[in-house]
Amino acid sequence: MKDTLINGMAADNRIRFFCTYTRNLVETARGFHNTSPVATAALGRLLSAGAMMGSMCKNESDLITLQIQCSGPINGLTVTANALAQTKGYVNNPSVMLPPNPLGKLDVGGALGSGILSVIKDIGMKEPYIGQSNLVSGEIAEDLTYYFAASEQIPTSVALGVLMNKNNTVKHSGGFIIQLMPFADDDLVTDLESKLKELPPVTSLMDNGLTPQQIIEKLFDGYDIQFTGETTPLYKCDCSKERVYNAVMSIGKEEIAEMISEQKPIQVECHFCNKKYVFDIDELKTMI
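The rules behind each value
Residues numbered from 1 in each chain as written. Predicted model: local features only at pLDDT ≥ 70, side-chain atom pairs only at ≥ 80, totals over all residues. Heavy atoms only, no water. Helix = DSSP H or I, 4+ residues; strand = E, 2+ residues; numbered from the N terminus. Rg over C-alpha atoms; globule rule 2.2 N^0.38 Å. Buried < 20%, exposed > 50% of the residue type's maximum accessible area, 1.4 Å probe, protein only. Contact = heavy atoms within 4.5 Å. Lys, Arg positive; Asp, Glu negative; His and termini not counted. Charge placed at Lys NZ, Arg CZ, Asp CG, Glu CD. Patch = residues over 30% accessible without salt bridge, like charges linked within 9 Å, V, L, I, M, F, W, Y side chains within 5 Å. Areas by Shrake-Rupley, 256 points an atom, 1.4 Å probe, with all protein chains shown as cover. Salt bridge = Lys/Arg side-chain N within 4 Å of Asp/Glu carboxyl O. Core = buried A, V, L, I, M, F, W, Y, C linked by side-chain atoms within 4.5 Å. Phe/Tyr/Trp six-rings, centres within 6.5 Å; stacked < 30°, edge-to-face > 60°. Pairing = 2+ DSSP bridges. Axes fitted to C-alpha atoms, helices over the stretch in contact; angles between N-to-C directions.

**A look at the overall build of the protein**
From N to C terminus, the protein includes ten helices and 13 strands. Since a compact globule built from 288 residues should have a radius of gyration of about 19 Å, the 21 Å found for the protein is in line with a globular shape. Overall size of the protein, expressed as C-alpha extent along the three principal axes, is 70 × 45 × 35 Å. For the protein, buried positions account for 47% of its 288 residues. In the protein, the proportion of contacts linking residues at least 24 apart, taken out of those at least 6 apart, comes to 62%. Averaging the positions of the 24 positive and the 33 negative side-chain charges in the protein gives two centres separated by 6 Å.

Here's what the structure looks like:
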């Protein structure tokens, strides 16, 4: 199944939905960062969420960043996405290892522990919008559901999942975001809650071969559905030597002069793709 992200409306435009399949995206991230299974699951969930939330942006230049600061051994995660669902991310401790949780699943909640979820929206204003909420479970989907209710006052259901192969590669990854419009009535809310309760885990549906479109059709069986958009989510890092050059230059003349005095080239590594950029003494001198 190819990576896909769809969006649309259902139930007479009373529900907005996004649904994505991101196996290749998450496997690319796993390859870049050599993440452990639980770190792959945590990062994969946040990457899938980032792709869907990025696609909510109106302009191609808009950026959304999901950042988790936490007390658990994973030490935090960061994901950035744009309106084209081009996504990148990293975990602070990619090699974290934990035993399975009581349900026999990868213990993402244990890896994160308690902490704060920040959603940073850079939409061309003077300052980015920053919304924050506490982690309620560390399972990421529940934390995002709580974020939407607490910070954006939008009744939302978020489902995310990553299923691993025995060789620790990614078998399936993806999820959905369902949001109620302001004019949704109580009967619709009750019925939707019942449907969500009966729906199997999203990775189980994908393991049975269901595409994002088929997952939405199963969830909203009996309601009208309008699919309004489709794109291919990608793991894409836009780092370049020019951008890193400007970042190094921004640290100031004194620090750069100190680097020059040591007569050693410096190496800067991109957090998102691990690409290394080397600047020799002459390049450091040009910065000054």
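**Quick notes on a negative patch on the surface**
Among the surface-exposed residues, Glu254, Glu255, Glu258 and Glu262 lie close enough to one another that they form a single negatively charged patch. Among the secondary structure elements, Glu262 is positioned in the loop between helix H9 (253–261) and strand S12 (266–269).

**Topic: the nonpolar core**
Ile68, Ile74, Leu77, Leu112 and Ile140 are the most contacted members of the largest nonpolar core, which has 49 residues in total. At eleven residues, helix H2 (residues 37–54) tops the list of elements feeding residues into this core. Counting residues in hydrophobic clusters, the runner-up holds 23 residues, among them Ile15, Cys19, Leu219 and Phe220.

**Description of the packing of aromatic side chains**
Applying the stated rule across the entire model yields six aromatic pairs. Note on Tyr147 and Phe148: the rings are 5.5 Å apart at their centroids and 65° apart in plane angle, and the pair reads as edge-to-face. With respect to class, Tyr147 is no different from Phe148; both count as buried. Aromatic side chains Tyr245 and Phe279 sit 6.1 Å apart centroid to centroid with 55° between the ring planes, which places their arrangement in the tilted category. With Tyr245 in helix H8 (residues 241–249) and Phe279 in strand S13 (residues 276–279), this residue pair connects regions lying 34 residues apart in the sequence. You can call Tyr245 partly exposed: its relative accessible area is 21%.

**A short note on the pattern of salt bridges**
A full pass over the atoms with the stated rule returns nine salt bridges. Between Asp238 and Lys88 there is a salt bridge, with the nearest N and O atoms lying 2.8 Å from each other. With Asp238 in the loop between strand S11 (234–235) and H8 and Lys88 in strand S5 (residues 86–91), the pair connects residues that are 150 residues apart, well separated along the chain. A relative accessible area of 40% means that Asp238 is categorised as partly exposed. Between Glu283 and Lys241 there is a salt bridge, with its nearest N and O atoms 3.1 Å apart. Here the residue Glu283 occupies a position in helix H10 (residues 281–287), and Lys241 occupies one in helix H8, the gap between them amounting to 42 residues. Looking at Lys241, the relative accessible area reads 35%, which means it is partly exposed.

**Some remarks on the sheet that holds strand S4 (residues 77–82)**
Read from one edge of the open sheet, six strands run S7-S6-S3-S4-S5-S11, paired in mixed fashion. Sheet topology places strand S7 (129–134) and S11 at the edges, where each strand pairs with a single neighbour. The pairing of strand S3 (residues 63–70) with S4 spans six bridges and is classified as antiparallel. Of the residues in S4, the one forming a bridge with Thr65 is Thr80. The strands touched by H2 within the sheet are S3, S4, S5, strand S6 (115–122) and S11, with S4 carrying the most contacts at an inclination of about 30°. Here helix H4 (residues 141–151) sits on the sheet in contact with S6 and S7, set at roughly 120° to S7.

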